[in-house]
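# Understanding the architecture of this molecule
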Amino acid sequence: MLKTGIIIGSTRPGRNAEQVAKWVYDFASKRNDAEYELVDLKDYNLPLLDEAYPASFGQYSNEHTKVWAEKIKSLDAFIFVNGEYNHSIPGALKNALDYLYAEWNNKAAGFVTYGSAGGARAVEQLRLVLSELQVAHVRAQVLLSLYTDFENFSVFKPAPLHADNLKTMLDQLNSWGNALKTLRE
């Protein structure tokens, strides 16, 4: 069965990503086509990239990198849940992506983002980075507005239409994830 990590892509205090990721997890876990787990960047405590060699060499020297690499290697697909920070992705997420290379390759990704423009610009940036890491990203995405999907910009209350978007994204992610899994095997 496909193993999908729901990556909480923010580590800042007061973040909205955790409650959004739990919503994704609760929704996705009702399906029977994949196993889902929350992967919180906060739990990995990755310092700013501190490996001596480029990730493409696969020569990790730090224990935190090896632990992170094992987690990502164990997954077949990803759902990135993050806000949009200054028209881009959170720095902690970019840092976590940069730590690894082969562990990301030939896997699938979907996006659930939030921001003043639904996090659309963050998704654009994330698609560029993931392409370089050889991650196939699906077309469907969930874009949440800080104005209409969060009460007081902090309490997550998604509009009903987002469940349909999430279902479509999960359908695409599982199709691509399963196809790419056969490629890796």
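Preceding block: the structure.
In short, a report on the structure. (Residues numbered from 1 in each chain as written. Predicted model: local features only at pLDDT ≥ 70, side-chain atom pairs only at ≥ 80, totals over all residues. Heavy atoms only, no water.)

### Re the layout of surface pockets
Volume-wise, the largest pocket comes out at about 180 Å³. The wall of the largest pocket is formed by 14 residues, among which Arg12, Asn16, Tyr85, Tyr114 and Leu146 lie closest to the centre. Per-class residue counts for the lining of the largest pocket are five nonpolar, five polar and four charged. Taken as a whole, the second largest pocket encloses approximately 150 Å³ of empty space. Taken together, Thr11, Leu41, Lys42, Asn45, Leu46, Leu48, Ala92, Asn95 and Ala96 make up the lining of the second largest pocket. Within the lining of the second largest pocket, the residues separate by chemical class into five nonpolar, three polar and one charged. (1 Å grid on protein atoms, 1.4 Å probe; cavity = no way out; pocket = protein on both sides within 12 Å on 5 of 7 lines; lining within 4 Å. Points joined across faces, edges and corners; volume = space filled by probe spheres on them. Nonpolar A, V, L, I, M, F, W, Y, C, P; charged D, E, K, R; others polar.)

### Regarding the environment of leucine 49
Within the secondary structure, leucine 49 is located in the loop between α2 (41–44) and α3 (63–73). Residue leucine 49 is classed as partly exposed on the basis of its relative accessible area of 45%. Placed 47 residues apart in sequence, leucine 49 and alanine 96 show a C-alpha to C-alpha distance of 8.1 Å. The contact partners of leucine 49, leaving out residues within four places of it in the chain, are Asn95, Asp98 and Tyr99. (Helix = DSSP H or I, 4+ residues; strand = E, 2+ residues; numbered from the N terminus. Buried < 20%, exposed > 50% of the residue type's maximum accessible area, 1.4 Å probe, protein only. Contact = heavy atoms within 4.5 Å.)

### Side note on the side chain of aspartate 149
Tracing the backbone through its elements, the reader meets aspartate 149 in the loop between β5 (135–145) and β6 (150–151). Put simply, aspartate 149 is tucked away with no salt bridge, and the nearest opposite charge, on lysine 157, sits 12 Å away. At a separation of 2.9 Å, a polar atom in the side chain of aspartate 149 contacts the side chain of histidine 162. In contact with aspartate 149, other than residues within four places in its own chain, are Leu144, Val155, Phe156, Lys157, Pro158, Ala159 and His162. (Lys, Arg positive; Asp, Glu negative; His and termini not counted. Salt bridge = Lys/Arg side-chain N within 4 Å of Asp/Glu carboxyl O. Polar contact = N/O pair within 3.5 Å; in protein donor to acceptor, adjacent residues only side chain to side chain.)

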